[in-house]
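# Notes for the structure review
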Amino acid sequence: MHLISFKRTYTKILLSLAIVLIPTFVLSAVINDRSVTLVKSQISDSIQQKTEYMMNTLEAEIERIHSIQKSFINDNDLQSLNFRSSLFSRYEWTTTVNQLHTKLQLVNSSSKYVKSTSIMMATIDKTLSSRERLIPLDQEDFDNTIEKMSQGLLFLPKGKSILLPLAYPSVKRPYILMTVEFDLDQLHRDLALLDNHAVAVSTTLLIDETGSILFDTNQDIELNKQSLAAIAAADSGGFKFGNYIVHRQKSAFLNWSLVTLFDEKTIWTPVTDLNKWHWILGAAATISVVIFSYFIYRLVHRPMARLLRMFRRVQDGNLPVVVNHDESDEFSYMFYQFNYMLQRIDHLIEQNYEKTIRNQRMELKHLQSQINPHFLYNSLYVLYRMSQEENYEGVTAMSKHLGDYFKFLTRTSGDVISLHQEVEHAKTYAAIQQIRFGERIHCYFQMEGQLDGWHVPRLIIQPLIENAYQHGHRDTYEDGWIKIEVVGDKESLTIKVSDNGTGMSGEGMEAWNSQLKMDIDTREGDGMWNVHRRIRLILGDSSGLTLSTDESGGLLARIDIQREEN
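Residues numbered from 1 in each chain as written. Predicted model: local features only at pLDDT ≥ 70, side-chain atom pairs only at ≥ 80, totals over all residues. Heavy atoms only, no water.

### Quick word on a nonpolar patch on the surface
Defined as follows: Only residues whose relative accessible area exceeds 30% and that form no salt bridge enter a patch; like-charged residues are grouped when within 9 Å of one another, and nonpolar side chains (Val, Leu, Ile, Met, Phe, Trp, Tyr) when within 5 Å. All accessibility values rest on the Shrake-Rupley procedure with a 1.4 Å probe; residue burial counts only the protein chains present in the view. Definition used for salt bridges: Asp or Glu carboxyl oxygen within 4 Å of a side-chain nitrogen of Lys or Arg. For helices the rule is a DSSP run of H or I covering at least 4 residues; for strands it is a run of E covering at least 2, with both sets numbered from the N terminus onward.
A grouping of Ile22, Val26, Leu27, Val30 and Ile31 is seen on the molecular surface, where their side chains present a nonpolar patch of about 460 Å² in accessible area. Examined against the element boundaries, Leu27 turns out to sit in helix α1 (residues 9-73).

Below, the structure written as C-alpha cells:
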C-alpha cells in the first residue's frame, strides 16, 4: 500500500492538516493572549458596574424614603395631634394616634432597608414609634438627634445604627422630629452580594468621607487607617492599591463611598490556569487529529460518500430510494433512518406547514401579551391625591376612565377590532393622561375620510401615545401637545401620532428604520416595534409603522394600512 502517495486522500489530509495547524496554532496563541486580556478587562468592568449599580440603588432607595418622610411630616393627623390635641376628645385622641401608627407601619414596610420609624413630638412630650406605639419623649435623645443633623443627611449615633432624620419646622426650633432607622443586617446582606469568594479573596466596604469603615463584609482583610484614607481620597472608578484591585463609587448625595477590594493574585488565578490548559489542549488536539485522520477516512468517508450519492438522487426528485448497508455499525442505523425519512417526507412537509402556521399564531399572541398598563400605579396615585384633596368630580371621572380602559383590555376578544373601538380606547387612555398632566400636555384627535368598515389589530394607537408621553414629553412642563390624525378611504388607512417633544436622534432613527428590513425581531419589549410587528403579521407586509421627525421637531409615528383582497 502506498499510503504516502500524493494522489491518495489520506496523504492530502495529512498535508492539509500540516498547512492548517501551524498558522492556526500561532493564531490561537494570539487569540488566547487577547482573550486573557479581554477577560481581565471584563472582570474588572463587571465588578465596577456592580459596585456602581449597588451604590446607585442604595442612593435611590434612601432618596425615595426621604421623599416619603417629607410627605409624612406634613400629614394632617400629625399636625392636628401636635397643635390641636388639647381640643381632642378621648375618642379623637385614640383614633388619631391609631391612624398615625398605621401610617408609620406603611412607611416601615415601604422598603426592605427600613427597620423602624418614630416621630418625636416636643409639643405633646410624646414619641410615636412603629414598634412601641406612644411612649414618653426622651428629651436627651431628641436634643442629641437635632444637634447631629448638621453632620449630613444620615448619621451614626452610638450603637452603630444609621438614622435618617427630618425635622419640622426645619428653620426654627423643631417641634416634630421624624427618624427612620435602617436595617443594618439587610444592608450587610446586600453589600455581601458584591463579594465572590469562590473566585477570589474579596471584601466590600462602606466608608464615610473620613475613611472610617461603616460596613465590612470580610474582616479577614485588614486595612490600616493610612490605606483607608488613601482609598477615600482616590477618585471614583477602578484602580490598583497594593496587592488589591479596588473599585470605588462615591455618592455625593449620601457622602459615602462603596468600595470593593479583590486580591489581584487570586482573581487572576483562573485566567492563568486557563492559559496553561490552552497550550496543553492545543498539543493534545494536534496529536489526536493526526492519529484519527486515517481512521476517519477509512471508517467515515466511504459510507458518507455513498450516502451523499443517495442524497443527490433525492435532490433530483427520486424519492423511492432504498439504501442498504451490510456492516453492523452506526451507519447501518443512519441508512435505516434515511430510508424511513424518505417514506415519511410528504407527511413531514405537511406537519411542518401546519406547525409554521401555529407558531405564527403563538408569536402574535405573545406580542399582544407584551402590552401592559404601565401607568396603573401613577393613575392610582392620582386618584389617591384627588381623594385627599376631596376632588370628588375628578375621582369620578378618573374612575370611569380607568374602568373603561381595563374593560377594553380584559373583555375585548379577537385579534382584530373595529377602528372605532380602537380610537375610543385611545381617547380613554388620553383622558386619563390629561387628568395626570393637566395643562402641561394636551392631546388632540382628528378624524377624516371614510373610516366606517375598517378593522385594525388591537392596541396599535395607545402604545404610540404612551411613547409620546413617556419619551417625547419626559421633560415637558408646559405647552406640550400630542396630535392623533386618522385619515382613511376605501383602500387605505393612515394613522399619525405626532408630538412637539424632544424627538429622536438621527442615530436612533436610522437604527430603528434599519430594523424594519430584518426578518427577525431583535427589539423585544419595544412598544412601537410591537405595534409594527403585529400589524405585519395580521395585515401583511404592505402595512406597517414608520418613524420620522415632525415639523415641530418632535417624533411622528405613522401607521399605513392597505386593504388586501382575501
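### Let's talk about the sheet that holds strand β12 (residues 441-449)
Either a parallel or an antiparallel arrangement is found when strands of a sheet pair, and the pairing is made through backbone hydrogen bonds. Test applied: Here a strand pair is declared whenever DSSP counts at least two bridges between the two strands. Under this scheme, a helix contributes an axis fitted over its contacting stretch, all axes are lines through C-alpha atoms, and angles between N-to-C directions fall in the 0 to 180 degree range. Here, two residues are considered to be in contact whenever any of their heavy atoms come within 4.5 Å of each other.
Ordered by their spatial adjacency, five strands build an open sheet running β12-β14-β15-β17-β16, and the pairing between neighbours is mixed. This sheet does not close on itself; its edge strands, each paired only once, are β12 and β16 (544-549). When strand polarity is set aside, the average angle formed by the axes of neighbouring strands in this sheet is 15°. Taken together, the seven bridges between strand β15 (residues 492-499) and strand β17 (residues 555-562) define a ladder with antiparallel strand orientation. Counterpart to Lys496 in the pairing with β17 is Arg558. In the packing of helix α12 (residues 419-437) onto the sheet, the strands contacted are β12, β14 (480-488) and β15, and the crossing angle to β12 comes to about 160°. Set on the sheet, helix α15 (residues 527-539) makes contact with β16 and β17; between it and β16 the angle comes to about 145°.

### Describing the packing of aromatic side chains
Going by this rule: Side-chain rings of Phe, Tyr and Trp (the six-membered ring for Trp) are treated as a pair once their centres are within 6.5 Å; stacked means planes under 30 degrees apart, edge-to-face means over 60, and tilted covers the remaining angles. Residue burial is assigned from relative accessible area. The probe radius is 1.4 Å, only protein chains are included, and a residue is buried under 20% of its type maximum, exposed over 50%, and partly exposed in between.
Tallying each qualifying case throughout the model produces six aromatic pairs. Judged by centre distance (6.0 Å) and plane angle (85°), the ring pair of Phe83 and Tyr175 falls under edge-to-face. In this pair, Phe83 sits in helix α2 (residues 76-83) while Tyr175 sits in the loop between β4 (163-168) and β5 (176-182), placing the two residues 92 residues apart along the sequence. With a relative accessible area of 43%, Phe83 lands in the partly exposed category. The partly exposed category is assigned to Tyr175, whose relative accessible area is 39%. Pairing Trp512 with Trp529 gives two aromatic rings, centres 6.0 Å apart and planes at 75°, and the pair type is edge-to-face. With Trp512 in helix α14 (residues 506-515) and Trp529 in helix α15, the pair connects residues that are 17 residues apart, well separated along the chain.

### A short note on the pairing of strand β10 (residues 256-263)
Where burial is concerned, most of β10 is hidden: eight out of the eight residues are buried. Neither face of β10 is open: one carries Trp256, Leu258, Thr260 and Phe262, the other Ser257, Val259, Leu261 and Asp263, and all of them are buried. Relative to β10, strand β9 (residues 244-251) runs antiparallel, the two being bridged by eight bridges. Bridge assignment links Gln249 to a residue of β10, and that residue is Leu258.

### A word on helix α4 (residues 139-148)
What counts here: Picture the helix axis, draw a direction to every C-beta atom, and the arc is the one those directions span.
When we look at burial in α4, the residues that qualify are Phe142, Thr145 and Ile146. The buried residues of α4 occupy an angular sector of 100° when the element is viewed end-on, so they sit on one face. Facing away from the buried side of α4 by more than 90 degrees, the exposed set consists of Glu140 and Glu147. In this structure, the buried side of α4 is in contact with β1 (114-121), β4 and β5.

### Examining the pattern of salt bridges
Throughout the structure, instances matching the rule amount to eight salt bridges. Residue Asp404 is joined to Lys400 by a salt bridge in which the shortest nitrogen-to-oxygen separation is 3.0 Å. Taken together, the residues span about one helical turn, with Asp404 and Lys400 both in helix α11 (residues 392-411) at a distance of four residues. For Asp404, a relative accessible area of 32% puts it in the partly exposed group. On the accessibility criterion, Lys400 (52% relative accessible area) is exposed.

### Let's talk about the confidence of the model for the protein chain
Test applied: pLDDT is a per-residue confidence score from the predictor, ranging from 0 to 100.
Within the protein chain, residue pLDDT values average 78, and 75% of them lie at 70 or more. Across residues 367-371, where pLDDT falls below 50, the model places 15 contacts with residues more than four positions away in sequence or in other chains.

### So, the packing of α2 against helix α3 (residues 90-108)
We count it as follows: Should an angle fall under 35 degrees it is called roughly parallel, over 145 degrees roughly antiparallel, and 65 to 115 degrees roughly perpendicular, with every other angle called oblique. Throughout, a crossing is termed right-handed when the near helix is turned clockwise from the far one, and left-handed when it is turned anticlockwise from it by less than a right angle. Note on residue classes: Ala, Val, Leu, Ile, Met, Phe, Trp, Tyr, Cys and Pro are nonpolar, Asp, Glu, Lys and Arg are charged, and everything else, Gly too, is polar.
The interhelical angle for the contact between α2 and α3, taken along N-to-C directions, is 135°, at an axis separation of 10 Å. With respect to α3, the axis of α2 lies oblique. In this structure, α2 crosses over α3, and the sense of that crossing is left-handed. Where α2 abuts α3, its residues Asp77, Leu78 and Leu81 lie against Trp93, Thr96, Val97, Gln99, Leu100 and Lys103. The residue inventory of the contact of α2 with α3, partitioned by class, reads five nonpolar, two polar and two charged.

### Looking at the nonpolar core
Selection rule: Among buried residues, the Ala, Val, Leu, Ile, Met, Phe, Trp, Tyr and Cys ones that are joined through side-chain atoms within 4.5 Å form a nonpolar core.
One finds Leu419, Ile465, Leu493 and Ile559 to be the most contacted residues of the largest nonpolar core, which totals 44 residues. For this core, the element with the most residues is α12, which contributes seven residues. With sequence-adjacent residues up to four places away left out, Ile559 is seen in contact with Ile460, Leu464, Leu493, Thr494, Ile495, Val531, Ile535, Gly544 and Leu545. Within the second largest apolar cluster, 21 residues are counted, among which are Leu164, Leu187, Leu254 and Trp256.

### Things to note about the side chain of Arg534
The condition that has to hold: Lys and Arg are tallied as positive, Asp and Glu as negative. Neither His nor the chain termini are counted. Here a polar contact means two N or O atoms within 3.5 Å. Within protein one must be a hydrogen donor candidate and the other an acceptor candidate, and residues neighboring in sequence count only if both atoms are side-chain atoms.
Here Arg534 lies in helix α15. Among buried charged residues, Arg534 stands out as having no salt bridge; its nearest opposite-charge side chain is Glu422, 6.8 Å away. Among the polar contacts made by the side chain of Arg534, one reaches the main-chain carbonyl oxygen of Leu459 at a distance of 2.4 Å.

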